[in-house]
Amino acid sequence: MRFSRLKLGGTAVGLLGLVTVAACGSGGGSGSSSTSLAATQTLKFPVYQPPGTWDPGEADAEVDTELMQNIYDNLWRFDNNLNIVPDIATAVPSTSNGGISSDGLTYTIKLNPAAKFNNGDPVTCSDVLYSWSRSVDLQGPYASNLSAIAGYAAAQTAAGAPPASSSGASGAQTFQGNIETMLASQVTAGSGSFIPSGLSCSDPETFVVKLAGGCGWCVTAWTLEGSTGAIVDEKAIKGDPVNWWQKPVTAGCTDCMVGTGAYYLSSFDAKQGYVFKAVSNWWGSPKPTLTEIDIDIHDPSAINSDVTAFEQGHYDLIGYGGNSGNLTYELIQSIKGGRFSSDLLTQPKGRTTWLSFNVGWNATGGPFLGESAQAKGLRKAFDLAVDKNGLASQVCYNVLCSAATGGLITKGLIGYLGDGADPLSQYDPTMAKQLLQQYDPQGTLTANLKYSYNTGGINDKVAQYLQNEWQTNLGIHVSLNPDSNASDFISNRLTGKYVMSRDGWQFDYNHPQDWFDNLWGYKATAAGSNTSGFDDPTYDSTLKMADAEPLSQALPLYNQLSQILQQDVVYIPLYYLVGNFVIAPYVKGAGSNTAFDYYWNNISILSH
Amino acid sequence: MLNRGTLIYIAQRVVLIAFTVMVVSFGVFVVVHSLPGNAFISDRLHGKALQLLLHQYGLDQPVVIQYWNWLKGAIHGDLGISLVTRGAPITPIVLKELSVSAMVGGAALLVTIGLGVTFGVIAAIRQNTWVDYTLTTFAVIGYSVPSFVIASLGILIFANWLNNVSNGAFYYPLPWQGTYGGGGLSTLISLSLPAISIGLYTSGQVTRITRASMLEVIQQDYIRTARAKGLKSRRVTVRHALRNALVPVMSIMPSTVLGILTGVVVIENIFTIPGLGKEFVTSITQQDYNLTVGVFTIYAVLIGFANLIVDLLYAVVDPRIRY
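Residues numbered from 1 in each chain as written. Chains lettered and ligands numbered in written order. Predicted model: local features only at pLDDT ≥ 70, side-chain atom pairs only at ≥ 80, totals over all residues. Heavy atoms only, no water.

1. Points about the overall build of chain B
A count of helical and extended segments in chain B gives 12 helices and 0 strands. Taken along the three principal axes of its C-alpha coordinates, chain B extends 85 × 65 × 30 Å. By residue count, 53% of the 323 residues in chain B fall in the buried class. A fraction of 72% describes how many contacts in chain B between residues 6 or more apart in sequence connect residues 24 or more apart. Summed over all atoms, the accessible surface of chain B reaches about 14300 Å², with 69% contributed by carbon and sulfur. Averaging the positions of the 21 positive and the 12 negative side-chain charges in chain B gives two centres separated by 14 Å. (Helix = DSSP H or I, 4+ residues; strand = E, 2+ residues; numbered from the N terminus. Buried < 20%, exposed > 50% of the residue type's maximum accessible area, 1.4 Å probe, protein only. Contact = heavy atoms within 4.5 Å. Areas by Shrake-Rupley, 256 points an atom, 1.4 Å probe, with all protein chains shown as cover. Lys, Arg positive; Asp, Glu negative; His and termini not counted. Charge placed at Lys NZ, Arg CZ, Asp CG, Glu CD.)

Structure representation (structure tokens):
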């Protein structure tokens, strides 16, 4: 038996051919695009987290709200510049247009008669009443956006709590099914225990909201896309109150994901991907040009191969769906150095990262606890010892983040104090050393300190940077306490288990209340999210006043809250996150602002 | 072949597999449910809203009760619901992913046996020639270089470099563009590099064993007799020598299959293949407890039955083996 060299060579060539010759494709790459539309209007991109839930009453993750803003509408929406503009409502309510009563407690909202669900049903006041009441009853993470409405707490009490179940399904069925059943009949009657007393319809096109007290932030919170203010169809939920949101829309379906947005769910493959399609004859504007959106769900570790897939032309963009923080510095540099450099888009995002001291959790203790001059002095020493600009350049290379020098609220948002306006952003190692000498001359208080953080992203490098700064400028060795289990870290952080920890916030809507209610003071303590435990009577009284006032009058009060936090040195400002996208030049209209990706109905694919 | 003894043997093994699966699922269930944190918690979802969800999904119950509830469903083919994609049933998810992993594993097995046996036979027949040296060297390199290195190099060369030098005309496409359990050109293309990455590694071992076994067999008297009777060389090799030479090869198949199954986990993550191996990792990182238990359970079943099948194939290859 003889095997010729030719046969051996043929085997090798065949193996290579299986990979390469068969892989001949249409090719990708950056290049000039014409202004005419491509024949196929399909947008493809990956996301790096599977959907949690697309039920607006229970939604939480950014990846979900970023997608759902294209599927559902609220009464109002944010435009690309974060202005509030009418959506299903005909106007943004104000005292001048009669939408808000003179005492500021009653909102009268006219609905757009053209608004329709994608199953053809018109949107009436009953749908709004049902949707908002349902969001209150479900008691999800964003239910508090509706908390200023009269009767909010009573409706939640009536709805009760979900019973425990063996696998989750039957219990959820009972809870959500019960809410659906009760609400369906009570909405028809116009009132009932599951409906907050402050919500009603004066006619089929007029929705009335009565508040329990003044609320300057409500309209902004109610506008948050894909969340508790979104309008859903009772008829679609009735058939499957638990899983309706993951069922693709088919002709005549009675238990599927019906919304009012420009796109609808066409296929759903849990954990793998999903397809959305444009609603024909959609009632809103601009009319969608993209006919299909194909989204793959990947693990964050797939970012390298996804950039390759982008370069091959398989994906049209990367970073949508709240994933603009996934591109690593090395990848960005690699893209910048290649033929796709012009496809990079950098956009500051509304996320600030700081270090929280334990200020108010007595059980946790530590040298920073309390309001004594010593505790404040030590907090100040640790703050002044950190060069924030150095962190942005050494850890983020001034690409992934920028130094947080203008206060806790990110640049570009209402409440930003201005570049360099935060006194805690200063770097003064000499003063830091003096403060340490003054308040801890023996070094006993600051011995054995730990900085806790969740691993991943740039967090490890940030921790090492901080450790080095304190060692260099204060002569203090702070141990690092990394936690690879993010949920464990969040749980510990929110319950004040750390003396020093990484902390941060991604804004939900463009209003300072979103920051000051949720992170410090009595409201955050009650909600179980006061990491530092900072609570102060002046802070609380100022917060109450600020929350009740219209924004123009509230802004100085919110600035006072910033000053209180700064004077008490409750935090060390670290950095503002910068988002990085790659978007093919033929994708017209795609982009992002501080909050969200531009709506799909603004995007089109040009010939390429 | 399927005589009474074989059937009893199969029944015993199936019972053993069921017991093993139960032990594995219980162990994994207890471990993952004992981990701190959960799939729900976030900066927004905490406090009362979190407690409601944990209660609703039964996660505030004792672990043993949770396991008992899970087991009752699992016996009926219901592996529970996902906690990350809330409410999504797990059984169809893992079955879909299994179909992808089966394709990847099957293709890798084909490469392993195809290359390994072929190269082993050729190397034995052409002993101490340049062909033997080349193939033996190839085998040594194959099992010396881990599959993830081969995979990464493959991506670098065929997906990146080739795409760049050909200006987008030729490349290995990323990500996975195959279909669930289906054929088609796109599936075949997407399968090629992952299968070769795993197969090159495992085929190295098969090449060595096959070569050694063949060398021993072709020295036997009955082979010499067959040649003396004038049989064609190919017929002697394939019909007489190879069959007996495959018995030792079969002995390493359980470890080879296991190597492929574990290799699939790594390779699926490198190539972003939506299979069970990828889910194995992501379900853990995302703390999707039920899915993690489901994936482990499926893997336990797979490994159990893969070993059973290999054991049964012994009897096919070697008639002396009886059950």
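2. Quick notes on the overall build of chain A
Broken down by element type, chain A carries 18 helices and 18 strands. Viewed in the frame of its principal axes, chain A has a C-alpha envelope of about 85 × 75 × 50 Å. Of all 608 residues assigned to chain A, the portion counted as buried reaches 58%. Of the roughly 21500 Å² of accessible surface on chain A, a fraction of 52% belongs to carbon and sulfur atoms. Between the centroid of the 33 positive side chains of chain A and the centroid of its 53 negative side chains there is a distance of 7 Å.

3. A closer look at the environment of S135 of chain A
Residue and element names in this part refer to chain A. Following the sequence through the fold, S135 ends up in helix α3 (residues 125-138). We classify S135 as buried; its relative accessible area is 2%. In this structure the C-alpha to C-alpha distance between S135 and Y107, which are 28 residues apart in sequence, comes to 18 Å. When near neighbours in sequence (up to four residues on either side) are disregarded, S135 contacts G57, G140, A143, L146 and T228.

4. Here we look at the sheet that holds strand β5 (residues 199-203) of chain A
All names here are of chain A. On the basis of which strands lie adjacent, the open sheet formed by 3 strands has the order β4-β6-β5 and antiparallel pairing. Each edge of the sheet is formed by a strand with only one pairing partner; in this case those strands are β4 (106-110) and β5. When strand polarity is set aside, the average angle formed by the axes of neighbouring strands in this sheet is 25°. Examined bridge by bridge, β5 and strand β6 (residues 206-210) share 4 bridges and lie antiparallel to one another. Note on β6: the bridge partner recorded for L199 is V209. The strands touched by α3 within the sheet are β5 and β6, with β5 carrying the most contacts at an inclination of about 180°. (Pairing = 2+ DSSP bridges. Axes fitted to C-alpha atoms, helices over the stretch in contact; angles between N-to-C directions.)

5. Re the domain arrangement of chain A
Residues and elements named next belong to chain A. Once the domains are mapped, chain A shows domain 1 (51-244) and domain 2 (348-578). Look at where the C-alpha atoms of domain 1 and domain 2 centre, and you get two points 34 Å apart. Regarding the contact of domain 1 and domain 2, the summed buried area is about 1000 Å², with carbon and sulfur atoms giving 56% of it. Applying the counting rule to domain 1 against domain 2 returns 0 salt bridges. Where domain 1 meets domain 2, there are 4 residue pairs in polar contact (both at pLDDT 80 or more). Across the side of domain 1 that touches domain 2, the residue classes break down as 7 nonpolar, 4 polar and 1 charged. (Domains from an automatic or database assignment. Buried area = accessible area lost by both parts, 1.4 Å probe. Salt bridge = Lys/Arg side-chain N within 4 Å of Asp/Glu carboxyl O. Polar contact = N/O pair within 3.5 Å; in protein donor to acceptor, adjacent residues only side chain to side chain. Nonpolar A, V, L, I, M, F, W, Y, C, P; charged D, E, K, R; others polar.)

6. What to know about the pattern of salt bridges
Under the definition given, this model contains 21 salt bridges over all chains. Two residues, K388 of chain A and D383 of chain A, come together in a salt bridge whose shortest N-O distance is 2.9 Å. Across the salt bridge formed by D508 of chain A and R44 of chain B, the nearest N and O atoms sit 2.8 Å from each other. In this pair, D508 of chain A is assigned in the loop between β15 (500-506) and α15 (513-519) and R44 of chain B in the loop between α1 (4-34) and α2 (47-56), connecting two distinct chains. As far as burial versus exposure is concerned, D508 of chain A and R44 of chain B are alike and both buried. Each of D240, K247 and D255 of chain A takes part in salt bridges that share partners, so that together they form one network.

7. Topic: empty space enclosed by the protein
Counted under the stated rule, the structure contains 5 cavities of 30 Å³ or more. Taken as a whole, the largest cavity spans an internal volume of roughly 90 Å³. Along the walls of the largest cavity sit E58, L138, Q139, G140, P141, P162 and F175 of chain A together with A49, L52, L53, Q56 and R86 of chain B, which together make up its complete lining. When residues in the lining of the largest cavity are grouped by element, the largest group, 4 residues, is from α2 of chain B. (1 Å grid on protein atoms, 1.4 Å probe; cavity = no way out; pocket = protein on both sides within 12 Å on 5 of 7 lines; lining within 4 Å. Points joined across faces, edges and corners; volume = space filled by probe spheres on them.)

8. A short note on the side chain of H46 of chain B
Relative to the helices and strands, H46 of chain B resides in the loop between α1 and α2. Residue H46 of chain B is classed as buried on the basis of its relative accessible area, which comes to 10%. One polar contact links the side chain of H46 of chain B to the main-chain carbonyl oxygen of A527 of chain A, over a distance of 3.0 Å. Ignoring anything within four residues of it in the chain, the contact list for H46 of chain B reads L494, A527, G528 and S529 of chain A.

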